Amino acid sequence: MTAQIDLQNLDLTDDPDVQNDVFLAAFNSGQGAIFDSLYRDDSISNLSGGPLTGQARTDAIIALLATKPKLKSKVKASYTAGDTSLIIVDYDLEITKPDGGKQRILGKCTDVLVRGEDGKWVMAVDRPVADSVEDIQG
C-alpha cells in the first residue's frame, strides 16, 4: 500500500491507486461495517457470488469479513468521466471455506464509483469475477 489509511475516516480520492489502497485496508481489516461504509446504500456487490444490495449486501460483507479473508489487488485500468469512475483490478483472494480449509481465488474486478454531492467517492458497483479457484493445501 502506498497511502496512509485511517480506518475511522476513510476517503476515496480521485487517484485510483489510493482508492485501491483504501479498499484493501478496509477489506483486510476484517471489519465489515467499515468496509461497507465505502458503498452507497443502493450499491450492488457481487462479493457473495450473487448480486446483493442494501441490508443483504451489508450482512454478506460482515459475514465474509468476519472469516478474515486476505485480499490483494492491483489496478489494471481506470477511467473517469465527471463524477463516475470505472476501476478494473486483478485480485488475489484467500478465503476460509465452511469446512475450515483455505481457498485461493484469482480474478478481475470491475468497480464503479460515483462522487456524491458531498464530493466524496463511494462504491456503486463491485463486480468480482473469478478466473480460477484452487484449494490451498496446508
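Remember, predicted model here, so these are calculated numbers, not experimental data. (Residues numbered from 1 in each chain as written. Predicted model: local features only at pLDDT ≥ 70, side-chain atom pairs only at ≥ 80, totals over all residues. Heavy atoms only, no water.)

Caption draft 1: How the structure looks around the sheet that holds strand β4 (residues 102–115). Overall, mixed pairing links the five strands, which are arranged β1-β5-β4-β3-β2 in an open sheet. Both outer strands of the open sheet, β1 (39–45) and β2 (70–81), are each paired with one neighbouring strand and no more. Each adjacent strand pair in this sheet contributes to an overall mean axis angle of 20 degrees, direction not counted. In this sheet, strand β3 (residues 84–96) lies alongside β2 in antiparallel orientation, the contact comprising eleven bridges. Paired with Leu-71 across the two strands is Leu-93, which belongs to β3. Each of β1, β2, β3, β4 and β5 (121–136) is contacted by helix α1 (residues 16–28), which is oriented at about 150 degrees to β2, the strand it contacts most. (Pairing = 2+ DSSP bridges. Helix = DSSP H or I, 4+ residues; strand = E, 2+ residues; numbered from the N terminus. Axes fitted to C-alpha atoms, helices over the stretch in contact; angles between N-to-C directions. Contact = heavy atoms within 4.5 Å.)

Caption draft 2: View of the pattern of salt bridges. The final tally for this structure, using the stated rule, is eight salt bridges. The salt bridge involving Arg-57 is made with Asp-36; its shortest N-O contact spans 3.0 Å. Of this pair, Arg-57 sits in helix α3 (residues 54–66) while Asp-36 sits in helix α2 (residues 32–36), and the two are 21 residues apart along the sequence. In terms of burial, Arg-57 and Asp-36 fall into one category: buried. Asp-135 serves as the salt-bridge partner of Lys-97, at 3.0 Å between the closest nitrogen and oxygen. With Lys-97 in the loop between β3 and β4 and Asp-135 in strand β5, this residue pair connects regions lying 38 residues apart in the sequence. (Salt bridge = Lys/Arg side-chain N within 4 Å of Asp/Glu carboxyl O. Buried < 20%, exposed > 50% of the residue type's maximum accessible area, 1.4 Å probe, protein only.)

Caption draft 3: Structural detail: the packing of aromatic side chains. Using the criterion set out here, one finds three aromatic pairs in the structure. Both rings, one in Phe-35 and one in Tyr-39, keep their centres 5.5 Å apart while their planes meet at 70 degrees; by these two values the pair is edge-to-face. Each member of the pair Phe-35 and Tyr-39 is classed as buried. One aromatic cluster is present, formed by Phe-23, Phe-27, Phe-35 and Tyr-39 through successive ring pairs. (Phe/Tyr/Trp six-rings, centres within 6.5 Å; stacked < 30°, edge-to-face > 60°.)

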